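# Architecture at a glance
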Amino acid sequence: MLSCNIDYNENKKVSMTSIELDMIQTAGIGALALIVGMILTRKVSFLQKFCVPSPVSGGIIFSFLTLALYGWCDIEVSFDGTLKDVFMLAFFTSVGFQSDLKVIKQGGRLLVIMLTLLVVIIVLQNLMPMGITRFMGVDPLIGMAAGSISMTGGHGTAGGFASVLEGMGLHGAGTIGMAAATFGLIAGSMIGGPLAEKIVRTKLTHEQMQPHDEDIDPAMAGIESDEASPTGRTKRVSTNEQEFQQYAKAAYCILLVMGGGTLMSWLLAKTGITFPTYFGALILAAIVRNSIGFVSYKDDGKWENAEKLLDMERIVSVGNICLSMFLGMAMISLRLWELQSLALPLIVILISQVIMMALFAYFVAFPMLGRNYDAAVLCAGMCGFGLGATPNAMANMSAVCYKYRYTVKPFLIVPIIGAMFADLINTGMITLFLNLITSI
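Residues numbered from 1 in each chain as written. Predicted model: local features only at pLDDT ≥ 70, side-chain atom pairs only at ≥ 80, totals over all residues. Heavy atoms only, no water.

All right, on to the overall build of the protein chain then. Per the secondary structure count, the protein chain includes 16 helices and five strands. Expressed as a percentage of its 440 residues, the buried residues of the protein chain come to 51%. A sequence separation of at least 24 residues applies to 76% of the contacts in the protein chain between residues at least 6 apart. As displayed, the protein chain offers around 20400 Å² of accessible surface, 65% of which is attributable to carbon and sulfur atoms. (Helix = DSSP H or I, 4+ residues; strand = E, 2+ residues; numbered from the N terminus. Buried < 20%, exposed > 50% of the residue type's maximum accessible area, 1.4 Å probe, protein only. Contact = heavy atoms within 4.5 Å. Areas by Shrake-Rupley, 256 points an atom, 1.4 Å probe, with all protein chains shown as cover.)

Before going further, it helps to spend a moment on helix 10 (residues 240-269). Spanning 30 residues, helix 10 covers 43 Å between terminal C-alpha atoms, matching the ideal 44 Å at 1.5 Å per step. All of the buried residues along helix 10 are A248, A250, C253, I254, V257, M258, G261, M264 and L268. For helix 10, the elements touching its buried residues are helix 4 (82-97), helix 11 (279-291) and helix 12 (312-332). (Expected span 1.5 Å × (residues − 1).)

Attention now goes to the packing of aromatic side chains. For the coordinates displayed, the defined rule picks out six aromatic pairs. With a centroid separation of 4.1 Å and an interplanar angle of 5°, the aromatic rings of Y70 and W337 are classed as stacked. Taken as a pair, Y70 in helix 3 (residues 54-72) and W337 in the loop between helix 12 and helix 13 (343-368) lie far apart in primary sequence, 267 residues in all. The class for W337 is buried, based on a relative accessible area of 15%. Consider the rings of Y362 and F363, whose centres lie 4.9 Å apart with planes at 75°: the pair is edge-to-face. Note on F363: relative accessible area 55%, which makes it exposed. (Phe/Tyr/Trp six-rings, centres within 6.5 Å; stacked < 30°, edge-to-face > 60°.)

Under the defined criterion, the tally for this structure stands at zero disulfides. Free of any disulfide, C379 has its nearest neighbouring cysteine sulfur in C383, separated by 7.0 Å. (Disulfide = S-S within 2.5 Å.)

Taken as a whole, this structure holds five salt bridges when the rule is applied. Its salt-bridge partner being E243, residue R314 comes within 2.8 Å of it at the nearest N-O pair. Of this pair, R314 sits in helix 12 while E243 is found in helix 10, placing the two residues 71 residues apart along the sequence. Under the relative-accessibility criterion, R314 is labelled buried at 5%. (Salt bridge = Lys/Arg side-chain N within 4 Å of Asp/Glu carboxyl O.)

This part takes up the packing of helix 8 (residues 173-203) against helix 13. Here helix 8 crosses helix 13 at 30°, and the two axes come no closer than 10 Å. Taken together, the axes of helix 8 and helix 13 lie roughly parallel to each other. Considering only the axes of helix 8 and helix 13, their crossing is right-handed. Across from I176, A180, F183, A187, I191, L195, K198, I199, T202 and K203 in helix 8, the residues of helix 13 making contact are L346, L350, I351, V354, M357, A358, A361, Y362 and F366. (Axes fitted to C-alpha atoms, helices over the stretch in contact; angles between N-to-C directions. Parallel < 35°, antiparallel > 145°, perpendicular 65-115°, else oblique. Left-handed = near helix turned anticlockwise from the far one by under 90°.)

Read these as layout, nothing more, since geometry by itself doesn't imply function.
The following block contains the structure:
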């Protein structure tokens, strides 16, 4: 229910009107922001170029509107985040379902190297801002909010950890994280292509640039799973009733694991370690995905592998719908006026993150990945998902390949990293760092 409260502020000598929106109204405005963003993305080439998600482009308009109401009209709008948290939990549950450990065996050496580099990036993204905040004498949690939470994690993880950081004492954690994630989204798209271009021009020979007729590495065969490579998904023809049943089953699977995840979260809380609210469901979904293949059931007299019960394409689709709604509601809830006092340290941290990512990709990742054309393309993708999201990584690699030549492996590996492992690894590392901060 919408309600208004009037508070008197002695410092401003004005009456501040507070408008409180309930969870249904908040969800409705979040959906409106999503629709506005979809329209903008279709019309504005800048948003397409930098792969800005529709909920972000639409939601930022509403957050600037609430900023204008606060600054010019002395009206403070607050939103109920109940349903936002439910959508967030559903999305991260779908992420857990995508964490197929069998892919590591299939991915071979290059995938293992990329996962190792991802861990190093996440550690650096948290260590560096903590050092900067210590030097500048500000709360280290600000560094965490602008660290791997918003860089590698993006908007989804930034929103997911907002309540954790708020509970640890960081006021405006959600706004800081979302602002940093938006900056990273654009920065990751801006530096990825030029960095790969420089590598190609200065570090590769003419022979290295020539396409090879050799077959795809057998270790990479079969990696093009539906959830890992959306462009490779097959089109299925089915009736409306069949589609309904498939999406309903996917939604039921997510809800079932979400429910069980609450028990997992309760058990994790007993350890005394701080975990995000979604971590229990994410871990349980990963356990289900990787253990269900050992279970069989009888159907029409035949024994079937239970893994067939998981329709991963629909689970991913339902998760993405929930992510869009979560981001829409999170973006409209931004309290941009809270960034004013944090502008300088936040800018310093974010610029440092971009410089670190560029130097790491150029001097560390490229040599470790093989010093060849595939390595150059992977570095472009690394800048994309290390500062932004998997779509940014794909766009960066596509731009490089469009100018030079297409290569297969990067387009198989990067979606797997982004879809299956980035959030899982990042959540674990963030949890470790946050608990280290509280113990100091």
